[in-house]
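# Architecture at a glance
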Amino acid sequence: MTAPLIVLGSANRDLVVLVSRHPLPGETLLATGTTTGVGGKGANQALAAARAGATPGFVGAVGADAEGDELVQALADGGVDVTHVRRSMLPTGLALITVSDAGENTIVVAQGANASLEPEQVAGDVAATGQGPVLLAQLEVPLDAVEAAARTAGRSGGRFVLNLSPAREVPDSLLEICDPLVVNESEAALVAGRDAASVESVDDALELAQALAGRCRSIVITLGGDGAVFGDQSGVTHVPAEKVKVIDTTGAGDAFVGTLAARLARGEELADAVEAGLAAGTAAVQHLGAQPPRA
């Protein structure tokens, strides 16, 4: 049975600079190109979910500026319900991204309006969407707003999906309701209190996933080109990813998470949702920018 899908998160204007390699500290490089686009983990994941067939409602904030106008229009054009997007006196969020010839990126985010979301507001937005929603959140917005939204969704029988990115410590009370908690290797290591360098293989990731499965309802660890591991206390499984030429990794994780949430909202099992997410992430790395061009 299909459930309402809510995406609580950030919306940014992305400024992307192409470089032959990433600069060293104190070094100046000449760019080989530039581009702009829609960004922010929340917006990226909402658009990915819409591309996967859902009609997600986006809960977020942008500035009362031209960038905010453009982002809201892009979300609406992409099939996202923007009823609960607020306008803030702070400027629209901004992400500064460098992408190397090898397809690897570095990202610095200025939160701007994303930091203005308040717990009472987002709780009301989630409550207004009806019973039993799938709520997807990340951590580019205030943690107290995420907690309030998760509690509200839970009271109506909803499912909470947390992409713990950017990585930070969160209360055990939030982790234990994640279904699933979605993290990459380094984020998973942080939650487990381990050194990220200790996750060197798929077997390491499986062991880590099994350890974390006792702290949440289900777990997904993304492994880039090696696919993902997922499961719960009853067991964890590895699913490989298709090998492709990587152009830009920006937004690949968001494509995975948004698609996964859309499939869960459709009522699919976690295994099927992970498979679909991997296919979306694989497609995402084969083009430049966080959002793929329309077919």
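As a reminder, the structure under discussion sits directly above these lines.
In short, a report on the structure.

What counts and how
Residues numbered from 1 in each chain as written. Predicted model: local features only at pLDDT ≥ 70, side-chain atom pairs only at ≥ 80, totals over all residues. Heavy atoms only, no water. Helix = DSSP H or I, 4+ residues; strand = E, 2+ residues; numbered from the N terminus. Rg over C-alpha atoms; globule rule 2.2 N^0.38 Å. Buried < 20%, exposed > 50% of the residue type's maximum accessible area, 1.4 Å probe, protein only. Contact = heavy atoms within 4.5 Å. Areas by Shrake-Rupley, 256 points an atom, 1.4 Å probe, with all protein chains shown as cover. Lys, Arg positive; Asp, Glu negative; His and termini not counted. Charge placed at Lys NZ, Arg CZ, Asp CG, Glu CD. Pairing = 2+ DSSP bridges. Axes fitted to C-alpha atoms, helices over the stretch in contact; angles between N-to-C directions. Patch = residues over 30% accessible without salt bridge, like charges linked within 9 Å, V, L, I, M, F, W, Y side chains within 5 Å. Salt bridge = Lys/Arg side-chain N within 4 Å of Asp/Glu carboxyl O.

### Thoughts on the overall build of the protein chain
Summing up its helical and strand segments, the protein chain has 9 helices and 13 strands in all. Here the C-alpha radius of gyration of the protein chain, 18 Å, is about what a compact globule of 295 residues would show, namely 19 Å. By residue count, 51% of the 295 residues in the protein chain fall in the buried class. By sequence separation, contacts in the protein chain at least 24 residues apart represent 67% of the contacts at least 6 residues apart. With the model as given, the accessible surface of the protein chain reaches about 12,800 Å², and the carbon-plus-sulfur share is 52%. Taking the average place of the 18 positive charges on the side chains of the protein chain and the average place of its 36 negative ones, the gap between the two points comes to 4 Å.

### Overview of the side chain of Thr 259
With respect to the helices, strands and loops of the structure, Thr 259 is situated in helix 8 (residues 252-265). When near neighbours in sequence (up to four residues on either side) are disregarded, Thr 259 contacts Ala 48, Ala 49, Ala 52, Ala 276, Gly 277 and Ala 280.

### Side note on the sheet that holds strand 1 (residues 5-8)
The sheet built from 9 strands is open, its strands ordered 5-4-1-8-9-10-11-12-13 with mixed pairing. The open sheet terminates on both sides in strands that have one partner only, identified here as strand 5 (85-88) and strand 13 (235-239). Direction aside, the axes of adjacent strands within the sheet are offset by 15° on average. Of the pairings in the sheet, the one linking strand 11 (residues 219-222) to strand 12 (residues 228-232) comprises 4 bridges and is antiparallel in character. By the bridge assignment for strand 12, Val 220 is matched with Phe 230. Contacts between helix 4 (residues 143-155) and the sheet are confined to strand 1, strand 8 (134-137) and strand 9 (159-163), with strand 8 contributing the most and set at about 170° to the helix.

### As for a nonpolar patch on the surface
Taken together, the side chains of Leu 15, Leu 96 and Val 108 make up a nonpolar region of the molecular surface, amounting to roughly 250 Å² of accessible area. Relative to the helices and strands, Leu 96 resides in strand 6 (residues 93-99). Residue classification places Leu 96 among the partly exposed positions, given a relative accessible area of 42%.

### Description of the pairing of strand 7 (residues 105-110)
Two elements, strand 6 and strand 7, share 6 bridges in a ladder whose sense is antiparallel. Residue pairing for strand 7: Val 99 is matched across the bridge by Asn 105.

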